[in-house]
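Residue strings, one per chain:
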Amino acid sequence: MVMDTLARGFAVYLEAERGYSPLTATAYCGDLRRFFDFLHSADVPLEPDQVTTALVRGWVVDMHHEGLSPTTIARRLHGLRSFWSYLLACDYVHDDPVRKVSVPKRERTLPRYLTADELEALLEAAQRNKFVICAFRNYAIISVLIFTGMRRGEVIGLRIGDVSLAEKVIRVRGKGGKMRVIPLVDRAVEAVRDWLELRPSHKGHDYLFTTTHGNPIAPWRMHRIWRTVLEESSIEAQGVTLHTLRHSMATLLLQSGECSLVEIQRILGHSRLDTTAIYLHVTESELRGAVQAHPLADG
């Protein structure tokens, strides 16, 4: 069975069995396609039994030569490992050539975040739109992103029933289909309430955020909305993305002293606390220096 066919089954498995979003499943398959392209360039048939550990290591070396970062290489290798785990579970293969290939050490960089003033500038910019319905929708979207720390895909996938304005909460289905409940501040509640009064009705779906014609918002349209708001805000910092709002929310909550790291972990939907710990914005060297400064460190 050729791997193109197996990859399609893998995508279905990720969505149906693992609860991954279509965007995540597509990303996994995109990384697999890059591996298949490497096999093709090496004149290796696209058959699972033709893949060896040496070939996988050759792919890693090839990615290094392309100048890809350790993080990107590790992500692609993780996708291939997941694919082979699926093949093993389905008895399509009996050996795992990926298992013995070491994953490059990932670069641990501190996330960029915006200040409270910059976030306020984004909220104000979202309201400046010549089309009233777009202004209310964009303001509601940016408010939800800033005050909940939700991922882009999670916001796009929100249904009207996921939001309780009376309870001031949003119920979110995150990665792996895990549910979490995020409290809403009054400002976000009012933004969503105002949008719902203008939201175009559509009998075919109940997505919370829509286009002016009532259709669900596609990822590319969400990106366009974001770029429009960002440019209107006149924020000059480089590399600011929708995910930066998630980093900013977590960082400002920690700096306020009102939330613990564990509470922020639950809000963001992280499965591991060390993933959330990066929002402390303390590098390993700074942490080591702090420990050495302990009054009893010298004995």
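Structure first, text after, so check above.
Procedures and definitions
- Residues numbered from 1 in each chain as written.
- Predicted model: local features only at pLDDT ≥ 70, side-chain atom pairs only at ≥ 80, totals over all residues.
- Heavy atoms only, no water.
- Helix = DSSP H or I, 4+ residues; strand = E, 2+ residues; numbered from the N terminus.
- Buried < 20%, exposed > 50% of the residue type's maximum accessible area, 1.4 Å probe, protein only.
- Contact = heavy atoms within 4.5 Å.
- Areas by Shrake-Rupley, 256 points an atom, 1.4 Å probe, with all protein chains shown as cover.
- Patch = residues over 30% accessible without salt bridge, like charges linked within 9 Å, V, L, I, M, F, W, Y side chains within 5 Å.
- Salt bridge = Lys/Arg side-chain N within 4 Å of Asp/Glu carboxyl O.
- Pairing = 2+ DSSP bridges.
- Axes fitted to C-alpha atoms, helices over the stretch in contact; angles between N-to-C directions.
- Parallel < 35°, antiparallel > 145°, perpendicular 65-115°, else oblique.
- Left-handed = near helix turned anticlockwise from the far one by under 90°.
- Nonpolar A, V, L, I, M, F, W, Y, C, P; charged D, E, K, R; others polar.
- Polar contact = N/O pair within 3.5 Å; in protein donor to acceptor, adjacent residues only side chain to side chain.

### Section: the overall build of the protein
Broken down by element type, the protein carries 13 helices and three strands. Taking all 299 residues of the protein together, the buried fraction comes to 40%. Residue pairs in contact within the protein that sit at least 24 positions apart in sequence constitute 59% of those at least 6 positions apart. Carbon and sulfur atoms form 52% of the exposed surface of the protein, whose accessible area is close to 16800 Å².

### Here's the deal with a nonpolar patch on the surface
Among the surface-exposed residues, Val132, Phe136 and Leu198 lie close enough to one another that they form a single nonpolar patch of about 240 Å² accessible area. Among the secondary structure elements, Leu198 is positioned in helix α8 (residues 186–198). Judged by relative accessible area, Leu198 falls into the partly exposed class, the value being 36%.

### Overview of the sheet that holds strand β3 (residues 179–183)
Read across the open sheet, the three strands follow the order β1-β2-β3; overall the sheet is antiparallel. At either margin of the open sheet sits one strand with a lone partner, and together these are β1 (163–164) and β3. The pairing of strand β2 (residues 169–173) with β3 spans five bridges and is antiparallel. Considered in β3, the bridge of Val172 is made with Arg180.

### Quick look at the packing of helix α5 (residues 116–126) against helix α9 (residues 219–233)
Contact geometry for α5 and α9: axes closest at 8 Å, N-to-C directions at 115°. The angle between the axes of α5 and α9 places the two elements in the roughly perpendicular class. The crossing of α5 and α9 is right-handed. Across the interface between the two elements, Ala121, Leu122, Ala125 and Ala126 from α5 touch Trp226, Val229, Leu230, Glu232 and Ser233 from α9. Residues of the contact of α5 with α9, tallied by class, amount to seven nonpolar, one polar and one charged.

### Notes on the pattern of salt bridges
Applying the stated criterion across every chain, the model contains 13 salt bridges. The shortest N-O distance in the salt bridge between Arg180 and Glu154 comes to 2.8 Å. Here the residue Arg180 occupies a position in strand β3, and Glu154 occupies one in helix α7 (residues 152–156), the gap between them amounting to 26 residues. The pair formed by Arg180 and Glu154 is uniform in burial state, with each residue classed as buried. Taken together, the shared-partner salt bridges in this structure form one network comprising Asp31, Arg34, Arg75 and Arg76.

### A closer look at the packing of helix α1 (residues 3–16) against helix α4 (residues 70–89)
Their axes nearest at 10 Å, the elements α1 and α4 cross at an angle of 95°. Considering their axes alone, α1 and α4 lie roughly perpendicular with respect to each other. In this structure, α1 uses Met3, Leu6, Ala7, Gly9, Phe10 and Tyr13 to contact α4, whose residues at the interface are Gly79, Ser82, Phe83, Trp84, Tyr86 and Leu87. Partitioning the contact of α1 with α4 into residue classes produces nine nonpolar, three polar and no charged.

### Observations regarding the side chain of Ser143
The residue Ser143 is located in helix α6 (residues 132–148) in this model. Polar side-chain contacts of Ser143 include one of 2.7 Å to the backbone oxygen of Tyr139. Setting aside its immediate chain neighbours within four residues, Ser143 contacts Leu123, Ala188 and Ala191.

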